[in-house]
Amino acid sequence: MNNPRLIRRLVRRETHSSRAAVSVLAATVLLALCLWLALEAVLMMAGVPALLASPGDTGRWLAGLPAATIPGWLAAAGTGIALLGVVLVVAGVAAGRRPRRALASDRCAVVVDDDVIASAVSRTVQLSSGVAPGQVTTTVAGRSARVQVRPTSGLALDAGALTAAASSELARYGLATRITPAVRVASSGAVGQ
């Protein structure tokens, strides 16, 4: 499996979310609307009373809507429909991201969850600072890793040294998108840990 094109494709598939949910929702709404209109048309041709509104009544209602409605409400409805359209276009065009990252590997596609990277950074900072595991928390989002360290009371920690440790840990992974760590040492310490 040393085909770079295949590896890139596999990594993209694992790090980007599908647009299937939005597509299925939009298609279901449109299908329900079309089925309702078709059913109403068939009922009208058969001479049976309409379920909700006959196509003729619906057409007359739509034609009289501008005259019977306050212009402000029409503008608000138009704006709402336009925003819905923009949301659907953005959902269709923009690639959704999963909280996963690709690690550098020549032989295969390696994808790691952001929580795993955060755990590894927390462990490295915890070992560098000499505090208990529960005193370091890390969150990875976008291009940053926020590390929160609660020192043991009476123990001074160097945020620069901890940032360097976190940076070296992140550099080892060879991530395609660089993650910059931001280490914050809390002003209040943990007692007896």
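This report concerns the structure included in the present document. Source: prediction; values computed, not measured.

Calculation criteria
- Residues numbered from 1 in each chain as written.
- Predicted model: local features only at pLDDT ≥ 70, side-chain atom pairs only at ≥ 80, totals over all residues.
- Heavy atoms only, no water.
- Salt bridge = Lys/Arg side-chain N within 4 Å of Asp/Glu carboxyl O.
- Helix = DSSP H or I, 4+ residues; strand = E, 2+ residues; numbered from the N terminus.
- Buried < 20%, exposed > 50% of the residue type's maximum accessible area, 1.4 Å probe, protein only.
- Expected span 1.5 Å × (residues − 1).
- Contact = heavy atoms within 4.5 Å.
- Pairing = 2+ DSSP bridges.

A word on the pattern of salt bridges
As a working rule, side chains carrying opposite charge can pair if their charged atoms are close by.
Inference 1: A complete count under the given rule lists three salt bridges for this structure.
Inference 2: As a salt-bridge pair, Asp57 and Arg60 come within 2.5 Å of each other at their nearest N and O atoms. On the criterion of helical spacing, the pair formed by Asp57 and Arg60 is a turn pair, its members being three residues apart in helix H3 (residues 55-68).
Inference 3: Residue classification places Asp57 among the partly exposed residues on the basis of a relative accessible area of 40%.
Inference 4: Here Glu169 makes a salt bridge to Arg172, at a shortest N to O gap of 2.9 Å. Residue Glu169 and its partner Arg172 are located together in helix H6 (residues 159-172), separated by three residues, close to a single helical turn.
Inference 5: Take Glu169: its relative accessible area is 9%, and that puts it in the buried class.
Inference 6: With a relative accessible area of 63%, Arg172 lands in the exposed category.

Quick look at helix H5 (residues 114-129)
Inference 1: The first and last C-alpha atoms of H5 sit 22 Å apart over 16 residues, in line with the 22 Å expected at 1.5 Å per residue.
Inference 2: Turning to H5, its buried residues are Asp114, Ile117, Ala118, Val121, Ser122, Thr124, Val125, Gln126 and Ser129.
Inference 3: Looking at the buried residues of H5, the elements they touch are strand S3 (100-103), strand S4 (110-113), strand S5 (136-141), strand S6 (144-149) and H6.

Some words on the pairing of S6
Inference 1: Side chains of S6 alternate between two faces, with Ala145, Val147 and Val149 buried and Ser144, Arg146 and Gln148 left unburied.
Inference 2: The pairing of S5 with S6 spans six bridges and is classified as antiparallel. By the bridge assignment for S6, Val140 is matched with Ala145.
Inference 3: As consecutive antiparallel partners, S5 and S6 are separated by two residues, and within that stretch Gly142 has a phi angle of approximately 65 degrees, a positive value.
Inference 4: Judged from the six bridges that link them, S6 and strand S7 (residues 180-185) form a sheet pairing that is parallel. Counted as the bridge partner of Val147 is Val183 from S7.

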